[in-house]
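For reference, the chains in residue letters:
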Amino acid sequence: MPQTKTPDPALMAAAAEIRPRAYAPYSGFAVGAALRGADGQIYQGVNVENAAYPQGTCAEAGAISAMIAAGCHEILEVAVIADSPVPVAPCGGCRQKLREFSKDEVLITMATTRGTSQAILSMADILPGAFVKSAME
């Protein structure tokens, strides 16, 4: 179910600010992501394409890597932005990666660079029935 909470403006700005740095020479589809860690810091990522197409990296995965490299292991909120007519949701693999470091109630804001459209979903909405660590115990 879409949420009514207002997205964190600093998080949205960080995702928009980093998006032009994406390396997308094949698709031309640049995506920026920003997440706020439990340490209060904002971590950014961009998509990085590769000539061997499936070897690229999504923006969300890049932001997660930056967070982990800084020593933080919990996501409080996520923002994803792309130059598209409608908001772009994280791919299935990134949904699971985001869930690894967040709780069901963590919100993901997906927006367009045009500023005309955005969607806010919780982690539970975007990945129901997620595979979580407790399932392995």
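Located above this text is the structure these notes cover.
First things first, this report covers the structure right here in the doc. Remember, predicted model here, so these are calculated numbers, not experimental data.

### Regarding the layout of surface pockets
In this structure, the largest pocket encloses a volume near 270 Å³. Around the largest pocket, the lining is made up of 17 residues, and of these Val31, Asn47, Thr57, Cys58 and Ala59 lie nearest the centre. For the lining of the largest pocket, the residue count by class is 11 nonpolar, 4 polar and 2 charged.

### Some remarks on the packing of helix 2 (residues 59-69) against helix 3 (residues 92-100)
Axis separation between helix 2 and helix 3 bottoms out at 9 Å; the angle between their running directions is 25°. As the angle between them shows, helix 2 and helix 3 are arranged roughly parallel. When you trace helix 2 past helix 3, the crossing you get is left-handed. Contact residues: helix 2 offers Glu60, Ala61 and Ile64, while helix 3 offers Cys94, Lys97 and Leu98.

### A short note on the side chain of Glu49
Mapped onto the secondary structure, Glu49 falls in the loop between strand 2 (42-46) and helix 2. Despite its burial, Glu49 remains without a salt bridge, the nearest opposite charge being carried by Arg19 at 11 Å. Discounting chain neighbours no more than four positions away, the residues touching Glu49 are Tyr23, Ala24, Pro25, Tyr26, Ser27, Gly28 and Gly56.

### A closer look at the environment of Ala61
Its location among the elements puts Ala61 in helix 2. Taking C-alpha positions, Ala61 is 7.2 Å from Lys97, a pair spaced 36 residues apart along the chain. If sequence neighbours within four positions are ignored, Ala61 has contacts with Cys94 and Lys97.

### With respect to the packing of aromatic side chains
The final tally for this structure, using the stated rule, is 1 aromatic pair. Measuring from centroid to centroid gives 6.4 Å for Tyr26 and Tyr53, while their planes differ by 80°, and the two rings are edge-to-face. Taken as a pair, Tyr26 in the loop between helix 1 (9-18) and strand 1 (31-37) and Tyr53 in the loop between strand 2 and helix 2 lie far apart in primary sequence, 27 residues in all.

Criteria and thresholds
- Residues numbered from 1 in each chain as written.
- Predicted model: local features only at pLDDT ≥ 70, side-chain atom pairs only at ≥ 80, totals over all residues.
- Heavy atoms only, no water.
- 1 Å grid on protein atoms, 1.4 Å probe; cavity = no way out; pocket = protein on both sides within 12 Å on 5 of 7 lines; lining within 4 Å.
- Points joined across faces, edges and corners; volume = space filled by probe spheres on them.
- Nonpolar A, V, L, I, M, F, W, Y, C, P; charged D, E, K, R; others polar.
- Axes fitted to C-alpha atoms, helices over the stretch in contact; angles between N-to-C directions.
- Helix = DSSP H or I, 4+ residues; strand = E, 2+ residues; numbered from the N terminus.
- Parallel < 35°, antiparallel > 145°, perpendicular 65-115°, else oblique.
- Left-handed = near helix turned anticlockwise from the far one by under 90°.
- Contact = heavy atoms within 4.5 Å.
- Buried < 20%, exposed > 50% of the residue type's maximum accessible area, 1.4 Å probe, protein only.
- Lys, Arg positive; Asp, Glu negative; His and termini not counted.
- Salt bridge = Lys/Arg side-chain N within 4 Å of Asp/Glu carboxyl O.
- Phe/Tyr/Trp six-rings, centres within 6.5 Å; stacked < 30°, edge-to-face > 60°.

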